[in-house]
There are 2 protein chains.
Amino acid sequence: MSQAPVVKALRRADAQRNYDLILVAARAAIAERGAHIVLEDVARDAGVGIGTLYRHFPTRQDLLEEAFLEETLLLRDRAEALVDSPEAWEALVAWLRLQMEFASRGRSLGASVMAAKHVEGSDLQVAYSAMRDAGDILLHRAQASGDVKDDVDMIDVLRLVYGIVMACEQAPEPDRITRMFELVIAGIRA
Amino acid sequence: MSQAPVVKALRRADAQRNYDLILVAARAAIAERGAHIVLEDVARDAGVGIGTLYRHFPTRQDLLEEAFLEETLLLRDRAEALVDSPEAWEALVAWLRLQMEFASRGRSLGASVMAAKHVEGSDLQVAYSAMRDAGDILLHRAQASGDVKDDVDMIDVLRLVYGIVMACEQAPEPDRITRMFELVIAGIRA
DNA sequence: ACCTGAACACCGTTCAAGT
DNA sequence: ACCTGAACACCGTTCAAGT
């Protein structure tokens, strides 16, 4: 539906290229080694000096937030697409399952970034709010149809999903994760 | 009920004293600063050299596991005490709430230690198994009385509880944690 | 304006010397 | 048998010099 309204800061073409290379390397490192990414390795993989990484991402948090920005926008789009689905309950569950799959991909690092209090006004905070607003529509539809308890809060549900990923990182058993997810789904059911 | 059958390794009295001092300092550091304990600080607070800490706890994991051993034994005792309760469902919920409170105290570090795959045959692994066995009795009672779904697994439930603590560490709001806990409880209800 | 990497700081870990 | 802390290694972060 709506396209990503992320304001890209104006950068020289070569700087923009380095910026993107760093993000690609960071995402690869996160997918491979989880939360223990070594910034110097990320810079090396990206083919830039460590100073360049720091110039673009002054804090570790800045890098992590940007690394997860894209998939946050994607999850918002997915929620918006599911609004047209005739089955309110199934649409909500499908979206929550997507949340879990995305979080799993980024290991518990993705989950912790999503669960974290984001810097006020940061790109990720804006994107996360937009994503949650889109998810809220799915939730409210499922509440209106009587499928979900009225007092369920989307933030709580998302955190439960992220919590599953975090608690299972040391020994990720797909069957167990599925069962835990279903317990959460059962918990919000009216 | 049963007293802790932990086999204490034989140590010289002064070594035992250092061992205990290190654990006390480690627990204090964990309660204060969460997962980011600095081993050198722990050694200094304990009044021993860093080498002594490493002599007693060769790996970081060894120290963490020992730090949470005591409360694991306590949680086992609490489960055993609750077996006599006439209310099967209430007893189970009370015990799970205790789990969450204990995990909260140790921040997400405690939760992650509990959710982790423990070293085979370690003191913590043995204690964790005993604790879970005791909790299983509470769970099975609540299943026998028809309060809890038959296919619910204790490991899943404990991980969900630990997941709540982990996902909420960055911004621990007691009300939210309570609501999330109640969603999990609703999820296991028959 | 941006990039680089040497330099510094911090902390984890080991080990030779001491009791 | 145990303790100590200096020494080393690793990685995060800064900044002076260069393009």
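Keep in mind that what you see is a predicted model, and the values were worked out from it rather than measured. Residues take numbers from 1 onward in each chain, read along the sequence in its written order. Chains carry letters and ligands carry numbers; both start at the beginning, A for chains and 1 for ligands, and go up in the order they are written. Where totals are concerned, whole chains, interfaces and linings use all residues; where local detail is concerned, this predicted model gives features only for residues with pLDDT of at least 70, and gives and counts side-chain atom pairs only at 80 or more. Note that water and hydrogens are dropped before the side-chain values are worked out from all heavy atoms of the structure.

Peer 1: Before we go on, may I ask you to explain the protein's contact with DNA strand D in this structure?
Peer 2: We call a residue near a molecule or strand when any one of its heavy atoms sits within 4 Å of it. Residues in close proximity to DNA strand D total 19 residues, the closest being Tyr54 of chain A together with Asn18, Gly49, Gly51 and Thr52 of chain B. Near the protein, meaning within 4 Å, the atoms of DNA strand D are sugar or phosphate in a fraction of 68%, with bases accounting for the rest. Contact between DNA strand D and asparagine 18 of chain B: a phosphate oxygen at 2.3 Å from a side-chain N or O atom of the residue. Under the rule applied, a polar contact is a pair of N or O atoms within 3.5 Å (in protein, one hydrogen donor and one hydrogen acceptor; residues adjacent in sequence only if both atoms are side-chain atoms). Contact distances for DNA strand D include 2.8 Å between a phosphate oxygen and a backbone N or O atom of glycine 49 of chain B. Of the residues in the surface near DNA strand D, the class split is eight nonpolar, six polar and five charged. Think of it as three bins: nonpolar holds Ala, Val, Leu, Ile, Met, Phe, Trp, Tyr, Cys and Pro, charged holds Asp, Glu, Lys and Arg, and polar takes everything else, Gly as well.

Peer 1: I'm lost on helix α10 (residues 174-188) of chain B in this one. Help?
Peer 2: Residues spaced three or four apart along an α-helix face the same direction, because each turn holds 3.6 residues. Over its 15 residues, α10 of chain B extends 22 Å from the first C-alpha to the last, a length consistent with the 21 Å expected when each residue adds 1.5 Å. Listing the buried residues of α10 of chain B in full gives Arg176, Ile177, Met180, Phe181, Leu183, Val184, Ile185, Gly187 and Ile188 of chain B. Any pair of residues with heavy atoms lying within 4.5 Å of one another is described as a contacting pair. A run of H or I in DSSP counts as a helix once it spans at least four residues, and a run of E counts as a strand once it spans at least two, with each numbered from the N terminus. As for α10 of chain B, its buried residues are in contact with α9 (154-167) and α10 (174-188) of chain A together with α6 (88-105) and α9 (154-167) of chain B. To estimate the expected span of a helix, count its residues, drop one, and scale the result by 1.5 Å. Whether a residue is buried, partly exposed or exposed follows from its accessible area with a 1.4 Å probe, protein chains only, as a fraction of its type maximum: under 20%, in between, or over 50%, in that order.

Peer 1: Looking at this structure, how should I read the packing of aromatic side chains?
Peer 2: Any two aromatic rings considered together are summarised by their centre-to-centre distance and by the angle between their planes. Classification of ring pairs rests on two measures: the distance between centres of Phe, Tyr or Trp rings, Trp counted by its six-membered ring, which must be within 6.5 Å, and the angle between planes, read as stacked under 30 degrees, edge-to-face over 60 and tilted in between. In this structure the tally under the stated criterion is two aromatic pairs over all chains. As a reminder, the over-ring test applies to NZ of lysine and CZ of arginine, requiring each to be within 6 Å of the ring centre and within 35 degrees of the ring normal. Positioned above the aromatic ring of phenylalanine 102 of chain A, the side-chain terminus of arginine 105 of chain A is 5.4 Å from the ring centre.

Peer 1: Help me understand the interface of chain B and chain A, please; the structure alone is not making it clear to me.
Peer 2: One widely used convention gives an interface's size as the accessible area the parts lose upon coming together. Contact residues are listed per partner, giving 27 residues for chain B and 27 residues for chain A. Buried area adds together the accessible area that both of two parts lose upon being put together, with accessible area traced by a 1.4 Å probe. Taking both partners together, chain B and chain A bury about 2,300 Å²; carbon and sulfur atoms supply 63% of that area. Salt bridges, as used here, are contacts in which a Lys or Arg side-chain nitrogen is within 4 Å of a carboxyl oxygen on Asp or Glu. Applying the counting rule to chain B against chain A returns 10 salt bridges. As a salt-bridge pair, aspartate 153 of chain A and arginine 179 of chain B come within 3.7 Å of each other at their nearest N and O atoms. Those elements that place two or more of their residues in the side of chain B that touches chain A are α7 (107-115), α9 and α10 of chain B.

Peer 1: Help me understand the domain arrangement of chain A in this model?
Peer 2: All names here are of chain A. Residue ranges assigned to each domain were obtained from an automatic or database domain assignment. Looking at the assigned domains, one finds that chain A contains domain 1 (9-58) and domain 2 (60-188). For domain 1 versus domain 2, the separation of C-alpha centres amounts to 26 Å. Listed as interface residues are 15 residues of domain 1 and, on the opposing side, 12 residues of domain 2. In total, domain 1 and domain 2 occlude about 1,200 Å² of area from one another, counting both sides; carbon and sulfur atoms represent 64% of this. Ranking the residues of domain 1 by area buried against domain 2 places Arg27, Ile30 and Phe57 at the top, with a combined share of 37%. Applying the counting criterion to the domain 1 and domain 2 interface returns one salt bridge. The element best represented in the side of domain 1 that touches domain 2 is helix α1 (residues 13-33), accounting for nine residues.

Peer 1: Mind showing me how you'd approach the protein's contact with DNA strand C here?
Peer 2: Taken together, 18 residues surround DNA strand C, and among them Asn18, Gly49, Gly51 and Thr52 of chain A together with Tyr54 of chain B come closest. Counting only the atoms of DNA strand C within 4 Å of the protein, the fraction contributed by sugar and phosphate is 68%. The separation between a phosphate oxygen of DNA strand C and a polar side-chain atom of histidine 56 of chain A is 3.4 Å. Within the side chain of tyrosine 54 of chain B, an N or O atom sits 2.6 Å from a phosphate oxygen of DNA strand C. Of all the secondary structure elements, the ones that give two or more residues to the surface near DNA strand C are α1 and α3 (50-56) of chain A together with α2 (39-46) and α3 (50-56) of chain B. Take the surface near DNA strand C: its biggest share by element is five residues, from α3 of chain A.

Peer 1: Explain the relation of the copies chain B and chain A here, please?
Peer 2: One copy of the chain maps onto the second through a rotation about an axis and a displacement along it. The atoms used to superpose the copies are C-alpha atoms, taken from residues with pLDDT of at least 70 in both, and the fit is least squares. With an RMSD of 0.0 Å, the operation that places chain B on chain A is a rotation of 180° combined with a shift of 0.0 Å along the axis. Between the two chains, the operation in question is that of a two-fold axis.

Peer 1: Sorry, what's going on with the nonpolar core here?
Peer 2: Nonpolar side chains in soluble globular proteins tend to be buried together. Ranked by internal contacts, the top residues of the largest apolar core, which has 84 residues, are Leu96 and Tyr162 of chain A together with Leu96 and Tyr162 of chain B. Not counting residues within four places of it along the chain, the set of residues in contact with tyrosine 162 of chain B comprises Gln99, Ala103, Ala111, Met114, Ala115, Tyr128 and Met131 of chain B. Residues grouped as a nonpolar core are buried Ala, Val, Leu, Ile, Met, Phe, Trp, Tyr and Cys residues, joined through side-chain atoms within 4.5 Å.

Peer 1: What exactly am I supposed to notice about the side chain of histidine 56 of chain B here?
Peer 2: Residue and element names in this part refer to chain B. Along the polypeptide, histidine 56 turns up in helix α3. You can call histidine 56 buried: its relative accessible area is 16%. When near neighbours in sequence (up to four residues on either side) are disregarded, histidine 56 contacts Arg11, Ala15, Asn18, Tyr19 and Ile22.

Peer 1: Sorry, what's going on with the environment of serine 104 of chain B here?
Peer 2: Residues and elements named next belong to chain B. Within the fold, serine 104 resides in helix α6. On the basis of relative accessible area, serine 104 is assigned to the partly exposed category, the value being 33%. It is 24 Å that separates the C-alpha atoms of serine 104 and alanine 46, two residues lying 58 residues apart in sequence. Separated by 2.8 Å, the side chain of serine 104 and the backbone oxygen of methionine 100 make a polar contact.

Peer 1: I would appreciate a short explanation of the packing of helix α6 (residues 88-105) of chain A against helix α8 (residues 123-144) of chain A in the present structure.
Peer 2: All names here are of chain A. At a minimum axis distance of 7 Å, the contact between α6 and α8 shows a crossing angle of 145°. The hand of the α6/α8 crossing is left-handed. On the side of α6, the interface is formed by Ala88, Trp89, Ala91, Leu92, Trp95 and Gln99, while α8 contributes Met131, Gly135, Leu138, Leu139, Arg141 and Ala142. When the residues that make up the contact of α6 with α8 are grouped by side-chain class, the tally is nine nonpolar, two polar and one charged. In this analysis, axes come from line fits to C-alpha atoms, helices being fitted only over the stretch in contact, and the angle between any two N-to-C directions falls in the range 0 to 180 degrees. The hand of a helix crossing depends on one turn: near helix anticlockwise from the far one by less than a right angle means left-handed, and clockwise means right-handed.

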